[in-house]
Amino acid sequence: MQTIGRRGQGRPALERMPQFCVFCAEPSPQIDGKSPHQERSSTQLSLTCVLKLARTALVFPLGSWSLHGLLQQCLPSPFLLPLLLAGGGAIALLPPARANAPEPPGVAASLEVPGCRRALGLPSTPTPAELLRADPGLAAKLAAAPACRPPGDALSRLEHLEQELAASRQRIAAQQSQLAAETVRQDTLAADLAQLRRQLTGQPASPGAAIPGAAISSAPDASARPAGGALPIAASSQSAGPATASAPALAPAPSATITPAAGVTAAATAPGSSALAPGPLAATPSVPATPATTAAAGTPSTLTAPAVPAAAGAATASAPTATYTPGKGFTLQAGGATLRLWAEAKLLGFSSSRYTFNPGQPLIVSPKDPSPSYDLSAQQSMVYAAFRGPKWGSWTPGAFAIFWLQDNLLAEGYSFTPVVAYGEIGNGAWRVAAGQNFDVFAPRDPDTLPNGKLAATGNPGAYRPQFRVERNFEAGPGFGGVVQLAASSPVTTALPSNVDLANLQSQEIVEDNGWPNLEARLNFGFGAYADRAGGRSLRPVELGVSGIVGQLRVLDNIRPTDPLTLVSDRSTVNVWGAAIDGQIALGRRFGLSGELYTGQGLGEYMAGILQTYNRGTNQAVPTAGGWGQFYVYLADNLRLNLGYGIDNAQDSGVFGLQVNSGVFANVLWDVNPWLQLGLEGNYKLTTYDVFGDKNAWVVISQVMFRL
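Within any chain, residue numbers begin from 1 and follow the written order of that chain's sequence. Reporting of local features is limited, given that this is a predicted model, to residues whose pLDDT is at least 70; pairs of side-chain atoms are given and counted only at 80 or more, and all residues count toward the totals for whole chains, interfaces and linings. As a convention, hydrogens and water are excluded, and side-chain values are obtained from all of the structure's heavy atoms.

Q: Just checking my understanding: could you explain the overall build of the chain for this structure?
A: Helices and strands together make up the secondary structure of the chain, namely eight helices and 27 strands. Only protein chains enter the accessibility calculation, which uses a 1.4 Å probe; a residue is then buried when its area is under 20% of its type maximum, exposed when over 50%, and partly exposed in between. Within the chain, the proportion of its 707 residues that are buried is 45%. Whether two residues touch is decided by their heavy atoms; if any such pair falls within 4.5 Å, the residues are in contact. Look at the contacts in the chain between residues 6 or more apart in sequence, and 65% of them connect residues 24 or more apart. Counting every atom, the chain has about 33600 Å² of accessible surface; 64% of that belongs to carbon and sulfur. Per the convention used, a helix needs a DSSP run of H or I reaching at least four residues, while a strand needs a run of E reaching at least two, with both numbered from the N terminus. The method behind every accessible area is Shrake-Rupley, applied with a 1.4 Å probe, and residues are considered shielded solely by the protein chains displayed.

Q: What am I meant to see in the pairing of strand 6 (residues 337–352) here?
A: A regular strand places its side chains on the two faces of the sheet in alternate fashion. In terms of strand pairing, strand 5 (residues 329–334) meets strand 6 through five bridges, oriented antiparallel. In the sheet register, Thr331 faces strand 6, and the bridge partner there is Arg340. Paired strands, in this sense, are two strands between which DSSP finds at least two bridges. The hairpin formed by strand 5 and strand 6 contains two residues between the paired strands, and Gly335 there has a positive phi angle of roughly 60°. Relative to strand 27 (residues 692–706), strand 6 runs antiparallel, the two being bridged by nine bridges. The residue of strand 27 that forms the bridge with Leu347 is Val703. Judged from the five bridges that link them, strand 6 and strand 9 (residues 373–377) form a sheet pairing that is antiparallel.

Q: What's the story with the environment of Ala487 in this structure? I'm lost.
A: Checked against the element boundaries, Ala487 lands in strand 15 (residues 479–488). Overall, Ala487 belongs to the partly exposed group, its relative accessible area being 30%. Sequence separation of Ala487 and Glu519 is 32 residues, and the distance between their C-alpha atoms is 6.4 Å. Apart from the residues within four sequence positions on either side, Ala487 is in contact with Pro465, Gln466, Phe467, Pro516, Asn517 and Leu518.

Q: Before we go on, may I ask you to explain the side chain of Asn660 in this structure?
A: Assignment of secondary structure puts Asn660 in strand 25 (residues 657–672). Exposure remark for Asn660: the relative accessible area of 0% places this residue in the buried category. Any pair of nitrogen or oxygen atoms within 3.5 Å is treated as a polar contact; in protein, a donor-acceptor pairing is required on top of that, and neighbouring residues in sequence qualify only through side-chain atoms on both sides. A polar atom in the side chain of Asn660 sits 3.0 Å from the backbone oxygen of Leu363. Contacts of Asn660, omitting those with residues within four sequence positions, involve Leu363, Ile364, Ala456, Thr457, Ile609, Gly645, Ile646, Asp647, Leu685 and Thr686.

Q: How do you make sense of the confidence of the model for the chain when you look at a structure like this?
A: Parts of the prediction with low pLDDT should not have their coordinates interpreted in detail. With 63% of its residues at a pLDDT of at least 70, the chain reaches an overall mean of 74. Under a pLDDT of 50 for its full length, residues 1–43 has, in the predicted model, 43 contacts with residues more than four places off or in other chains. Note that residues 500–504 has pLDDT below 50 and, in this model, four contacts with residues that lie over four places away or in other chains. Values of pLDDT, the confidence the predictor places in each residue, fall between 0 and 100.

Q: Where do I start with the packing of aromatic side chains in this structure?
A: Note on aromatic pairs: each is described by the distance of the centres and the angle between the planes. Centres within 6.5 Å make a pair out of two Phe, Tyr or Trp rings, where for Trp the six-membered ring is used; the pair is then stacked when the planes are under 30 degrees apart, edge-to-face when over 60, and tilted otherwise. Under the defined criterion, the tally for this structure stands at 17 aromatic pairs. A ring pair is formed by Trp404 and Tyr463, whose centres lie 6.3 Å apart and whose planes are at 80°; its orientation type is edge-to-face. Separated by 59 residues along the polypeptide, Trp404 in strand 11 (residues 396–404) and Tyr463 in strand 14 (residues 463–474) bring together distant segments of the chain. Taking the relative accessible area as the measure of exposure, Trp404 reaches 0% and is therefore buried. Seen in terms of ring centroids, Tyr631 and Tyr633 are 6.0 Å apart; in terms of plane orientation they differ by 90°. Their pairing is edge-to-face. Exposure remark for Tyr631: the relative accessible area of 0% places this residue in the buried category. What makes Tyr633 buried here is its relative accessible area of 1%. Stacked on the ring of Tyr355, the Lys or Arg Lys368 has its end atom at 5.1 Å from the ring centre. Only when the NZ of Lys or the CZ of Arg is both within 6 Å of the ring centre and within 35 degrees of the ring normal is a charge said to sit over the ring.

Q: What should I look at first to understand the pattern of salt bridges in this one?
A: Between side chains of opposite charge, pairing is possible as soon as their charged atoms come close. The working definition used for a salt bridge is a side-chain nitrogen of Lys or Arg within 4 Å of a carboxyl oxygen of Asp or Glu. Using the criterion set out here, one finds 14 salt bridges in the structure. Residue Asp447 pairs with Arg639 through a salt bridge whose shortest N-O separation is 3.3 Å. Residue Asp447 is found in the loop between strand 13 (430–438) and strand 14, and its partner Arg639 is found in strand 24 (residues 638–649); the two are separated by 192 residues along the sequence. What emerges from the salt-bridge pattern is a single network uniting Glu424, Arg431, Arg468 and Glu470.

Q: Looking at this model, I keep getting lost on the environment of Asn427. Mind explaining?
A: The residue Asn427 is located in the loop between strand 12 (417–426) and strand 13 in this model. With a relative accessible area of 31%, Asn427 lands in the partly exposed category. As a C-alpha pair, Asn427 and Thr396 span 31 residues in sequence and 6.2 Å in three-dimensional space. A distance of 3.1 Å separates a polar atom in the side chain of Asn427 from the backbone nitrogen of Ala429.

Shown next, in the form of structure tokens:
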């Protein structure tokens, strides 16, 4: 069968069948025996065939009739084969496709840490993505390299380590408590065993018979340590430095250190301080201290009392022990109680260009003509006692006392006088104390050799009978403090109070007005505790605010005809004061501390240059002043201090003192745990209402033995 066309006849039937358009997916009409697609040029046809071939291969399986027809249509083109070869070669040259793996978190931040790339030997120009493609294990290397840890990661690790340390201290404290309980139990069993042997054999116990508890008598008893297992500051080999707020170098007062994990401020120190006292730190009071039986200052020698068998049925306790540590005195332990006794024997030499009052305590420059002098004084030698009793439930009783060889701050003679003597009870969070104590008001002290501590030269604070309540608080490792409230005597025992009844007209009498003064202080600590030079542990910043309100009754110019009634000569003086104090630890070895105050009638608090009222008007003397100090530890046993203080009294009256200031610089060297040497230079300036300015240079040397 044949079909007649316009330009040919007798074509095979297959060629005369309708052509299938791959692009259109429908039969192409025949026009003069050709499809309209065949009218295109050879180049267009070749490109079209390539596209058709790609689409057909994706849509239809290989070997289908559509793909065969397309090949028959495209193969006659002379340009198809070169195009296919060129395209295949270009595709072969393309880099293999790689999926962009997600970048592990923190890689970019770690690579940006200074020194990270240098520590791993990485180049500085490639991006984190390029480095990860070159080394897939780079993320693990960054995590293992300390130099590549971001600061945020370091802080979180620091907090984690602090928590682990606190937990470890709690575990140690629990183990020590269990050890103490087992020791007491062993002693009880040994005593019962000795008693039973006597009953069975009729022979007394051998004097050399071993008691299990005695074998570990040299180990510190759990009751001798505060909660958390931390050693008390009183057992520290280094005397408290200036950065410990009110702790003068020469007399560390006992105070237990409560760890932050126990919920109480760490490195807590003694109750209050004063311008005169040798140094408890008022920043964070705590329960009474119990010195440890071992200390860095030296190896203690332990004396163990021989075992004494207890009577049948009687309760027994651990054998009493007496421990001596060079430079820290004796520690006696018995029945869960601890008593520590130690002393400081001081000899101070004073070389002055002008007479100062008094010779052993250069507070004020005398208005007398210049007269160089040299004096030796041992008045500032001190004896200390600290007691910690057995626990009463969750409370621990205690007591603390300081005695010195001076009757009062202005006395030139010698007398064994109690400066501080109080009892207390506390549970770590609360503390109650009653007795002769340091002032709550303005407790921070500079680090000077004389124990006057710039009294009447910008540093208020003394000691007096007092009842005190304190509450410690802790809000994590980076913040804590203490609140202190006290009712105290308006008249200090640090100043003389003798009244000459034969010469009442010239006497100045100051007494209370019938009720106590009220003192309060709030102290904050910022930042976590850190070890500092000299064996100290301090927060980076401490800040305290304190105040005092009260009244005094003054009697002056008393008429000799009426020495008993004194009605017309009696005046009431209102007393108030406000102070702010603080310290900043500038690293491990450097620091600043200081105090500012203002008020009126503060003569009994060592301010106003010891002037409480104007003797002409019987009005309170307004006053303001302060002190500041910079310290540096050249070594753990060698430190330098530089400071300045000023006290400005207003309306002090005729022959009154208006300004008293001083600059000091000293060096303190702890030669060993029991010997300290010191040298200090002072420049003092006192301004009088009548005599004008009087100045003096004072050089002070010190030799101190800790017993």
